[in-house]
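# Analysis of the macromolecular model
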Amino acid sequence: MSSLTGVYHVSPLCSPVSKPVRPSSARLDRQELAAIFAGGCVGAVARAALAQSLVTNADEWPWATFCVNLLGAALLGWLITRLQERLPPSRYSRSFLGTGVCGALTTFSTVMVELVKMLEAAHVGLALGYAAASVAGGFAAIFLTTKLVRRARLTR
Amino acid sequence: MSFLALWLGVGVLGGLGALARFAIDSFVSASTGARFPFGTLLVNLSGALVLGVLVGVALHGDAYLLVGTAVIGSYTTFSTWMLESHRLAEDGRRWLLGANIVLSLLLGVGAAELGRLLGGG
């Protein structure tokens, strides 16, 4: 398994080595860029809509960001493991769903700004809890969906 | 700004944020090799810095939604950060896993705070 996952160390979605089907590394693949753009639109609108309808203050748990991040991590773990280990390489679903939708649905910068605001307001416990829960939750989401995809393959 | 124009803007700008992430991540990953996910780290730290600046200059309302939530929110990514961390763990690279988590968190909060200060917040 490690030889399969080995090529994904740096950039599972973007690294040239993870795309053996790329016709020419020098040429820009317009369809791939269009897929990333379209996926980015979908992910951004979904995240922004949730953020607008679930506004939280610095003394509250940022449910909107927390939920999209865990959901996006789960979707990416499922998708990439499936593409990597079960299906033939399919660049466009990786570009659209992975780099586009999951990448844009989830956000790192918002988490950092939320943490700064919590710390500014001296809610240190909340900040530590939020950071820990995000990392643990995101990691668990990838772990579980990866396991699920691999188990499904074995029982087939 | 009309409702439709605003949300079309969120979609288009979010798509551009995703393209910028892809471009920078691809470029950095190609030049740093496959040992550590520097591409995602650079994208996330630079995005945290810029979002901090936007908060520092007190951007709000539709402008923050379009530039902050749509562009910078899409530009940075949580899911890829977690996926790459998980794959490092699977390959037993514990130090790199720890570095990827701790460096991202500490430098990320530092970048957002620095941005906020630069923005005058």
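Residues numbered from 1 in each chain as written. Chains lettered and ligands numbered in written order. Predicted model: local features only at pLDDT ≥ 70, side-chain atom pairs only at ≥ 80, totals over all residues.

We now examine the overall build of chain B. What chain B contains, in helices and strands, is five helices and zero strands. Of the regular secondary structure in chain B, the N- to C-terminal order runs α-α-α-α-α. When the backbone C-alpha atoms are referred to their principal axes, chain B occupies close to 50 × 30 × 20 Å. In chain B, which comprises 121 residues, the proportion classed as buried is 48%. (Helix = DSSP H or I, 4+ residues; strand = E, 2+ residues; numbered from the N terminus. Buried ≥ 20, exposed ≤ 12 C-beta atoms within 10 Å, placed from the backbone.)

Let us now look at the packing of helix α2 (residues 30-53) of chain A against helix α1 (residues 3-32) of chain B. Interhelical geometry of α2 of chain A versus α1 of chain B gives an angle of 125 degrees and a closest axis separation of 7 Å. Classified by the interaxial angle, the pair formed by α2 of chain A and α1 of chain B is oblique. Handedness of the crossing formed by α2 of chain A with α1 of chain B: right-handed. Where α2 of chain A abuts α1 of chain B, its residues Leu-33, Ile-36, Phe-37, Ala-38, Gly-39, Gly-40, Cys-41, Gly-43, Ala-44, Val-45 and Ala-48 of chain A lie against Trp-7, Val-10, Gly-11, Val-12, Gly-14, Gly-15, Gly-17, Ala-18, Leu-19 and Phe-22 of chain B. (Axes fitted to C-alpha atoms, helices over the stretch in contact; angles between N-to-C directions. Parallel < 35°, antiparallel > 145°, perpendicular 65-115°, else oblique. Left-handed = near helix turned anticlockwise from the far one by under 90°. Contact = placed C-beta atoms within 7 Å.)

Turning our eyes to something else, we now look at the interface of chain B and chain A. The interface of chain B with chain A comprises 57 residues on the first partner and 54 residues on the second. Looking at the side of chain B that touches chain A, the elements with two or more residues in it are α1, α2 (38-56), α3 (61-75), α4 (79-90) and α5 (94-118) of chain B. The dominant element in the side of chain B that touches chain A, judged by the number of residues it contributes, is α1 of chain B, at 15 residues.

Residues Ala-73 and Met-112 of chain A together with Ala-48, Leu-51 and Ala-112 of chain B are the most contacted members of the largest nonpolar core, which totals 63 residues. Looking at which element gives the most residues to this core, the answer is helix α3 (residues 63-85) of chain A, with eleven residues. (Core = buried A, V, L, I, M, F, W, Y, C linked by C-beta atoms within 7 Å.)

This part takes up α2 of chain B. All names here are of chain B. Here α2 is 19 residues long and its end C-alpha atoms lie 27 Å apart, about the 27 Å a rise of 1.5 Å per residue gives. Counting buried residues in α2 gives 15 out of 19 residues, a clear majority hidden from the surface. Directly after α2, the chain includes Ala-58, whose backbone phi takes a positive value near 60 degrees. (Expected span 1.5 Å × (residues − 1).)

Let us look at the packing of α2 of chain B against α5 of chain B. Residues and elements named next belong to chain B. Two elements in contact, α2 and α5, have axes whose closest approach is 6 Å; the angle formed by their N-to-C orientations is 30 degrees. Regarding the angle of α2 to α5, the classification is roughly parallel. Note that α2 runs across α5; the crossing there is right-handed. Where α2 abuts α5, its residues Leu-41, Asn-44, Leu-45, Ala-48, Leu-49, Val-50, Leu-51, Gly-52, Val-53, Val-55 and Gly-56 lie against Leu-103, Ser-104, Leu-107, Gly-108, Ala-111, Ala-112, Glu-113, Leu-114, Gly-115, Arg-116, Leu-117 and Leu-118.

Attention shifts here to the confidence of the model for chain B. Scored by pLDDT, chain B has a mean of 97; 100% of the residues are at 70 or more. Per the prediction output, this complex has pTM 0.89; the corresponding ipTM is 0.97. (pLDDT = per-residue confidence, 0-100.)

Here the focus is the environment of Leu-19 of chain B. For Leu-19 of chain B, the position within the fold is in helix α1. The exposure class of Leu-19 of chain B is partly exposed, given the 19 C-beta atoms found within 10 Å. Along the chain, Leu-19 of chain B and Ala-70 of chain B lie 51 residues apart, while their C-alpha atoms are 12 Å from each other. Dropping the residues within four chain positions of it, Leu-19 of chain B is found in contact with Leu-33, Ile-36, Phe-37 and Gly-40 of chain A.

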